[in-house]
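What follows is the residue order along each chain.
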Amino acid sequence: MSEERTVYKSTGMNSFGIGANVAEVDVADDRIVRVRPMRYDKEYSADYLKPWTIKARGSEFHSSMKALLPPYAYAYKKRIYSKNRILYPYKRIDWDPRGERHPENRGKSKFVRISWDEAATLIADEITRVKDTYGLPSVFIQGDGHGETKVVHASHGCATRLMNVLGDDWTYQARQPDSWEGWYWGAKHMWGQDPLGQFDMGNLLLDIAENTDMLVFCGCDMETTTWGWQGQIPSQYCFWLTEIGVKQVYICPDLNYGAAVHADKWIPVLPNTDAALMAAVAYVWMTEGTYDKEYLASHAVGFDWFEYYISGKEDGQPKTPEWAAPICGVPSRQIKALAHEWAKRPTSMAHGNGGSFIRSCYSHEPARFEVALMTMQGLGKPGRNVVKFIEWYMYGLPSQQPAPCYSSNMTVGAAYRGWDFVQTKSFITKTLVPEAILGDYTYEHPLTWQGYTVAGWPREDQYKTYQYPIPGAQGIHMIWTDTPCWTTCWNGGNRMIEALRSEKIECVVAQQPWFENDCLFADILLPINTKYEERDIGQDNGAAPFGLIYLEEQAVKPLGESKSDWEAVGEVAKKLGVYDEYVEGRSLEEWIQLGFESAEKPLDLSFDEFKEKGYLAAPTRDDWEELPRGFELFYKDPEGHPLSTPTGKVEFYATALAEHFPDDDERPPVPHFIPYGRRHQESLLHPRSEEYPFLIVSNHPRWRIHANMDDIPWLREIPTCKVTGPDGYKYEPVWINPQDAAERGIEDGDVVRLYNDRGWVLGGAVLTERIRPSVVYQDHGARVDPIEPGVSDRGGANNLIAPNKTTSQNAPGEVTSGFLVNIEKVDVFELAQQYPEAFGRAYDADEGVEIMNWIQEA
Ligand SMILES: Nc1nc2c(c(=O)[nH]1)N[C@H]1C(S)=C(S)[C@@H](COP(=O)(O)OP(=O)(O)OC[C@H]3O[C@@H](n4cnc5c(=O)[nH]c(N)nc54)[C@H](O)[C@@H]3O)O[C@H]1N2
Ligand SMILES: Nc1nc2c(c(=O)[nH]1)N[C@H]1C(S)=C(S)[C@@H](COP(=O)(O)OP(=O)(O)OC[C@H]3O[C@@H](n4cnc5c(=O)[nH]c(N)nc54)[C@H](O)[C@@H]3O)O[C@H]1N2
Ligand SMILES: [Mo]
């Protein structure tokens, strides 16, 4: 074996910067030997770095000197060498651009290997043909999402750069604020917090440690989603909170992994009924007078409207704990106990990002109720704030950083070659893509919605109406995706499959390192390499206690004929004769250098010195302890530090909603508990629940990041990751309460079918009291393994059967958790007889369905 060398690689999956979780990767003989955590003090002394310490209640919590990587980082090596890697360009056998295209066979027919030259020519010719036939708006780019954290070789959106060279009216898939739906469409109208609906979180690790007695984790798993973005430091912080006596209460339908190890108390609520629970807490405070009236007088408007609703004057129903109990499944005495303790002791609320119910029907309502409760107890007073435990250093602004911050906002963003959408006039909000394709829309009778978003536009954008197609344009006829996981990550995936197989769509191009999910439905596949095969520059904010930029040297040579996304799109640019414009005249090395030069650096370091050292760290700010905490400034001086609401105060009555959407009873100006309505009937209170008596909780996966990493043997062998069926297939676990299981004759390890009127998916039953009755839990993002494409799935991709509809009438967010299903035991051997093709696919238990099922041997 030749001598080992070590390179730095960020291991995060956010796609750029956030939570990059940097590792040292040891390499020998063009193979990755092992992955180890980075040490921040390798090249810089502690005197320079100034690691922080939080001191409170006689104890100390220290920032770590090495990266606290999540398990995925170590296991990812297997992903690089996965059997599923797409190693060569491919074309679907029965897709002929000059003859029959057979869209109905997408997801069924196989692929044949072609050359890069052929693939790039085919794509360039299709773009030109579609443009000439229908116009540029008919080319649709899906180029955004999470993925490997990369910069020049950006994992998503390189094609948007190419399209910008070609014109200003190609159609872009704009992302709605997925992580933040409820905050974005709801809370923002109540407490501002532009652009995302959550913002003022400065220095809250310190504030909580010093002042908070009770921390309420409402929809938060400190041992899963914080791992994904932030690594292990939030977990360590929570262990420390236990040590110093901060009570941790978890409200969630499942005793999730964080609750299992940190919770002093678990309140198992029914999915998406938090608004009722919180309304009852407000009722207790109102009737017992245990809320902060002075604070409300100076910091809020419209409280009397809220009181009018809660007291029952509006609808004759006081929102008592006894009213709420059967709705949310929490006994009234527990609701009262929570209300009493909360009113007595400084209480903060904690989230990862919101909880999967923040992506459910009418999710703006629970988000607003949370703001209401926090405001009633004096939001921003010591120990009374709302903290988010992922993306600690997200925007480089002290007001956004719960953890002590660094001295500079060092970013290599100037070198980022990923998505750049602003120049195009035409877009479809992501949740509405299947509808846009399958519906009969013309620019004279367009599909319309409110808000551009891409997770972060100012509140006023929500009052704007957008349309597809744009005036004068035709609908889309070509899809080019570098994010081929719509089916398992968005809402109503089965409908997306139908759209992908529509005859309106003449060409589907997918570029990805692995053959999975939407790739099955493509006509042309481009092989993409992983970051380990690329040379790049990197940036970490979020996971490390210090700001970091680093050189990412190539670890191993590209596998097969794979190229980076940036290079792959470059091949198409060459065929279109616009390569120089696409790369803006710069080589890879020049882009890397530009990233370094343009970063705001705390230290005078030349590019050569940077390359020599491998990384640069920004130390902790000297004044971090003095920086404002959460809503402290607003609390102390609401006139001097107003919120970004129209009145500058917390609006219990949202004045702008009243003005712009006076008739919207799905999102009225005052927060309401809305179990179901015209749009959604996903509630146990609705008659539909007689047929589908369970609410499914579809969380962010414990052993994946969304669609990523479902084929890693080291993860798949972990007992909680998969359930091995009697046929040897590893099914995606479904937690079910033993009581519910007994009634249906389901036993531990049985294969079960989750179904509703949108289709069915399989899973492996796990009988556990960790899920409350009437609820089943299955993670999202499992790899699609179609039984009948568009109807049923063996992999357990439950997003396929999530609602097709958006959050509410004027809020086009996703609805991906908290919807109705039924569950029944199935006999896999019978299914295998019924669907021989699907159940007969070559399968490797360690990695899942094999790519070879879809490849035609030459
Ligand atoms: N049921 C349910 N669904 C949800 C949610 C939920 O709570 N419940 N949450 C939602 C939220 S908040 C989010 S953010 C979304 C996430 O949804 P996405 O961001 O779409 O999901 P990812 O799986 O992270 O990544 C996108 C794709 O990029 C691929 N990829 C990774 N690296 C690269 C690369 O270098 N190049 C290329 N070309 N591809 C790459 C991955 O394999 C994957 O197919 O899911 C949403 N869906
Ligand atoms: N491991 C891992 N980490 C990740 C990701 C990943 O896919 N995998 N994705 C990243 C991304 S893009 C995001 S946006 C964040 C998301 O971070 P979060 O929003 O925190 O994640 P979720 O899994 O959607 O929800 C967290 C918890 O909410 C609880 N919950 C579900 N339904 C309800 C309900 O109706 N009421 C209440 N009170 N609780 C409920 C469940 O216990 C669940 O574990 O995570 C990031 N980190
Ligand atoms: Mo997200």
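Residues numbered from 1 in each chain as written. Chains lettered and ligands numbered in written order. Predicted model: local features only at pLDDT ≥ 70, side-chain atom pairs only at ≥ 80, totals over all residues. Heavy atoms only, no water.

Naming follows an unreviewed UniProt entry, where the protein chain appears as Molybdopterin-dependent oxidoreductase of Gordonibacter faecis. For the record of the protein chain, the UniProt heading Cofactor (unreviewed entry) holds the text "Mo-bis(molybdopterin guanine dinucleotide)". Comment text from UniProt for the protein chain, heading Sequence similarities (unreviewed entry), reads "Belongs to the prokaryotic molybdopterin-containing oxidoreductase family." (UniProt positions renumbered as here; feature names shortened; annotations may be inferred.)

Participant: I'm lost on the side chain of D740 in this one. Help?
Facilitator: Examined against the element boundaries, D740 turns out to sit in helix α26 (residues 738-743). A distance of 2.8 Å separates a polar side-chain atom of D740 from the backbone nitrogen of S774. Contacts of D740, omitting those with residues within four sequence positions, involve F694, P773, S774 and V775. (Helix = DSSP H or I, 4+ residues; strand = E, 2+ residues; numbered from the N terminus. Polar contact = N/O pair within 3.5 Å; in protein donor to acceptor, adjacent residues only side chain to side chain. Contact = heavy atoms within 4.5 Å.)

Participant: Would you mind going over the site of ligand 2 with me for this structure?
Facilitator: Contacts to ligand 2 come from 35 residues, most closely from Y72, D254, N272, D274 and R359. The backbone of H700 places a nitrogen or oxygen atom 2.9 Å from an oxygen atom of ligand 2. Separating an oxygen atom of ligand 2 from a backbone N or O atom of H706 is a distance of 2.9 Å. Contact with the protein chains hides 99% of the accessible area of ligand 2, taken as 920 Å² for the molecule alone. By residue number, the principal contributor to the shell around ligand 2 is helix α7 (residues 225-230), which donates three residues. Class assignment of the residues belonging to the shell around ligand 2 gives a composition of 14 nonpolar, 16 polar and five charged. Inspection of the shell around ligand 2 shows a minimum of three residues originating in each of domain 2 (186-405 + 630-660) and domain 3 (687-851). (Near = heavy atom within 4 Å. Areas by Shrake-Rupley, 256 points an atom, 1.4 Å probe, with all protein chains shown as cover. Nonpolar A, V, L, I, M, F, W, Y, C, P; charged D, E, K, R; others polar. Domains from an automatic or database assignment.)

Participant: How do you make sense of the site of ligand 1 when you look at a structure like this?
Facilitator: Around ligand 1 sit 34 residues in total, of which H146, K150, C489, Q512 and S698 are the nearest. Here Q512 contributes a side-chain N or O atom positioned 2.4 Å from an oxygen atom of ligand 1. In the complex, 99% of the free accessible area of ligand 1, which totals 910 Å², lies under the protein chains. Two domains each donate at least three residues to the shell around ligand 1, and these are domain 1 (90-174 + 424-540 + 548-617) and domain 3 (687-851).

Participant: Teacher, can you tell me more about a negative patch on the surface here?
Facilitator: There is a patch of like negative charges on the surface, built from E43, D604, D608, E609 and E612. Topologically, D608 is positioned in helix α22 (residues 607-613). (Patch = residues over 30% accessible without salt bridge, like charges linked within 9 Å, V, L, I, M, F, W, Y side chains within 5 Å. Salt bridge = Lys/Arg side-chain N within 4 Å of Asp/Glu carboxyl O. Lys, Arg positive; Asp, Glu negative; His and termini not counted. Charge placed at Lys NZ, Arg CZ, Asp CG, Glu CD.)

Participant: Would you explain the packing of helix α12 (residues 303-310) against helix α15 (residues 364-376) in this entry?
Facilitator: The geometry of a pair of packed helices is captured by two quantities: the angle between their axes and the separation between those axes. Look at α12 against α15: their axes get within 13 Å of each other, and the N-to-C directions meet at 115°. Between α12 and α15, the crossing angle belongs to the class labelled roughly perpendicular. Crossing geometry of α12 relative to α15 is assigned as left-handed. The segment α12 lies against α15, with F303, F306, Y309 and I310 engaging F369, A372 and M376. When the residues that make up the contact of α12 with α15 are grouped by side-chain class, the tally is seven nonpolar, no polar and no charged. (Axes fitted to C-alpha atoms, helices over the stretch in contact; angles between N-to-C directions. Parallel < 35°, antiparallel > 145°, perpendicular 65-115°, else oblique. Left-handed = near helix turned anticlockwise from the far one by under 90°.)

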